[in-house]
Amino acid sequence: MKYSIVFYLLIVFLLTSCFRHNETKTITVGIPVSMSGKYSQESHLMLDGYKLWKDYVNAHGGIKIGTKRYKIEFVVKDDSSDPYKSALITENLISENKVNFLFGPYSSRITLADSAVAEKHKIPMIIAGGASEEIFSRHYEYISGLLPPSKDYFKTAAKMLAYKKFQDENVALVFGEGPFNISVALKGKTWLESNGFTHVSPFEYSDYANSLSGVVRDLRNRKIEIVLFAGHINDIDQFIKRSKRISYMPKIAVFTVGTHIFYLSNYLKNFSKNIFFVTPWNKHLSLRGLLFTSSNNYENIFKMRFGYSPDYHSAAATAAGIVLQNAIEQSHSINPQIVQNAILKSNFPTFYGRIKFSKTGQIIKDVNVMEIKGNNAYLVYPLDVAESEITIR
């Protein structure tokens, strides 16, 4: 009887050990994100990109470290588009929720606050929604970013306008508050001038309700033909509405954001006939690499999951997940410092393009120009990647 009990306990121990050995573990990623407020539209696009990566990885068995499998779990909290609140949420995600890693919020303004908290706690934060160089100039060791530097956002657009020989036109750089918008516009002026433009004027608007209306009136009164607009979706929406209200129709408009709302011809009726936007990613770039195999495949999977086509906000977020997954699997660890070292050493192809970071932790990546034609958008510049000709009417 004594030996039977010992034998029984031994079997229970072995079975329990086997179960524990094979059980799926969890990696938790914290995401402070603007589900409400000024940045909610872009944040939803970004969050869907994060979700697609999580769902795809979990459906395929999770992240593999040796013989162990790790499922991904998210802790998502609404920061209401408020930098102060978002920083407190980031602190809470680390201290209370004990997340293993962080994905960044949307907007450079909020990312500046949140990344400081991540750095303080030495928790890797992969940023898919902040492009300002100010984020990456602080020599932080625990951040990395999937958007190209904001100073380059109008670089290709300036070259495109020069290629079409618009150097003698009056050009306005309209920009809002915040580090991203200011960087895009100020460096945009340099790009324009280096491409031969001599009549370039900056127009800054604030978050106050009537500020943008005043800018639009000034543009109309000064007969500005070309507008390069650095702002977020809500700002661009208000700019178009206020321009239509006073019958201001610039010959050419170039925006830092172009989403599916711009593909609606009725929405753009009685505005400029020549609308462009810049983007670091598009499915027509025919990029290939890990996980989603190609940009076209990614677009198809995303559209099946969410019912709309992804733009660069979503694509950069999904790429952030791939970067984290690759770093964990390559380093065989979930130790924050080891994983961060692996992140910064990344050099591999994806549907989003090659993942390789500069010394500051920001991705090395080009920005392209797309043009709205009817209810669709087409990649038009640079010419070596264009799917359609530039149409200026």
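Strand order in the open sheet formed by seven strands is β8-β7-β9-β10-β11-β16-β17, and the pairing between neighbours is mixed. Edge positions in the open sheet fall to β8 (200-204) and β17 (376-381), since each of these has one partner strand only. Across this sheet, the average inter-strand angle for adjacent strands is 25 degrees, counted without regard to direction. Pairing analysis gives four bridges linking strand β9 (residues 226-230) to strand β10 (residues 252-255), with the strands arranged parallel. Note that in β10 the partner of Val227 across the bridge is Ala253. Helix α7 (residues 179-194) rests against β7 (171-175), β8 and β9 of the sheet, and its axis sits at about 165 degrees to β7.

Attention shifts here to the pattern of salt bridges. On inspection of all chains with the given rule, the structure shows eight salt bridges. For Lys54, the salt bridge is made with Asp55, and the minimal N-O distance between the two is 3.2 Å. Asp55 sits in the partly exposed class, given a relative accessible area of 27%. Residue Asp237 is joined to Lys241 by a salt bridge in which the shortest nitrogen-to-oxygen separation is 3.2 Å. Of this pair, Asp237 and Lys241 both sit in helix α9 (residues 233-245), separated by four residues, roughly a single helical turn. Residue classification places Asp237 among the buried residues on the basis of a relative accessible area of 14%. A single network of salt bridges, built from pairs that share partners, joins Lys54, Asp55 and Arg305.

With that settled, the discussion passes to unusual backbone geometry. Along the chain, Tyr381 connects to Pro382 via a cis peptide bond; the corresponding omega equals 5 degrees. Position of Pro382 among the secondary structure elements: in the segment after β17. Positioned with a positive phi, Ser81 is a non-glycine residue whose angle comes to about 60 degrees. On the secondary structure map, Ser81 appears in the loop between β3 (68-78) and α3 (83-95). On the accessibility criterion, Ser81 (14% relative accessible area) is buried. A positive phi is found at Lys165, a non-glycine position, where the angle reads about 65 degrees.

Within helix α8 (residues 211-221), burial applies to Leu212, Ser213, Gly214, Val215, Val216 and Leu219. Close packing links the buried residues of α8 with β7, β8, β9 and α9. Phi for Lys223, located one or two positions after α8, is positive at around 55 degrees.

Turning next to the nonpolar core. Ranked by internal contacts, the top residues of the largest apolar core, which has 110 residues, are Tyr50, Phe103, Leu146, Leu219, Phe239, Phe255 and Tyr352. For this core, the leading source of residues is helix α12 (residues 312-331), giving eleven residues. With residues near it in sequence (within four places) discarded, Leu219 still touches Ala172, Val174, Phe203, Ile224, Val227, Phe239 and Tyr248. Counting residues in each nonpolar core, the second largest holds 16 residues, with Val75, Ala87, Val99 and Leu112 among its members.

Between its first and last C-alpha atoms α9 spans 18 Å; for 13 residues at 1.5 Å apiece the expected length is 18 Å, and the two agree. Residues of α9 that are buried: Ile233, Asp235, Ile236, Asp237, Phe239, Ile240, Arg242 and Ser243. Looking one or two residues past α9, Ser247 carries a phi angle of roughly 60 degrees, positive in sign.

In this section: the packing of aromatic side chains. Inspection of every chain in the model, using the stated rule, returns 23 aromatic pairs. Geometrically, the ring pair formed by Tyr153 and Phe180 is edge-to-face, given 5.1 Å between the ring centres and 85 degrees between the ring planes. Separated by 27 residues along the polypeptide, Tyr153 in the loop between β6 (143-145) and α6 (155-163) and Phe180 in helix α7 bring together distant segments of the chain. Looking at Tyr153, the relative accessible area reads 1%, which means it is buried. For Phe180, a relative accessible area of 9% puts it in the buried group.

This part is about the sheet that holds β3. Sheet architecture is open: six strands sit in the order β2-β3-β1-β4-β5-β6, paired in mixed fashion. Each of the sheet's edge strands pairs with one partner strand only, and the pair in question is β2 (63-65) and β6. If you compare each strand with its neighbour and ignore which way they point, the axes differ by 30 degrees on average. Of the pairings in the sheet, the one linking strand β4 (residues 101-103) to strand β5 (residues 125-127) comprises two bridges and is parallel in character. Bridge pairing links Leu102 to Met125 in β5. Packing of helix α4 (residues 108-121) onto the sheet brings it into contact with β1 (25-33), β4, β5 and β6, and relative to β5 it is tilted by some 155 degrees.

Reading the values: the criteria
Residues numbered from 1 in each chain as written. Predicted model: local features only at pLDDT ≥ 70, side-chain atom pairs only at ≥ 80, totals over all residues. Heavy atoms only, no water. Pairing = 2+ DSSP bridges. Helix = DSSP H or I, 4+ residues; strand = E, 2+ residues; numbered from the N terminus. Axes fitted to C-alpha atoms, helices over the stretch in contact; angles between N-to-C directions. Contact = heavy atoms within 4.5 Å. Salt bridge = Lys/Arg side-chain N within 4 Å of Asp/Glu carboxyl O. Buried < 20%, exposed > 50% of the residue type's maximum accessible area, 1.4 Å probe, protein only. Core = buried A, V, L, I, M, F, W, Y, C linked by side-chain atoms within 4.5 Å. Expected span 1.5 Å × (residues − 1). Phe/Tyr/Trp six-rings, centres within 6.5 Å; stacked < 30°, edge-to-face > 60°.

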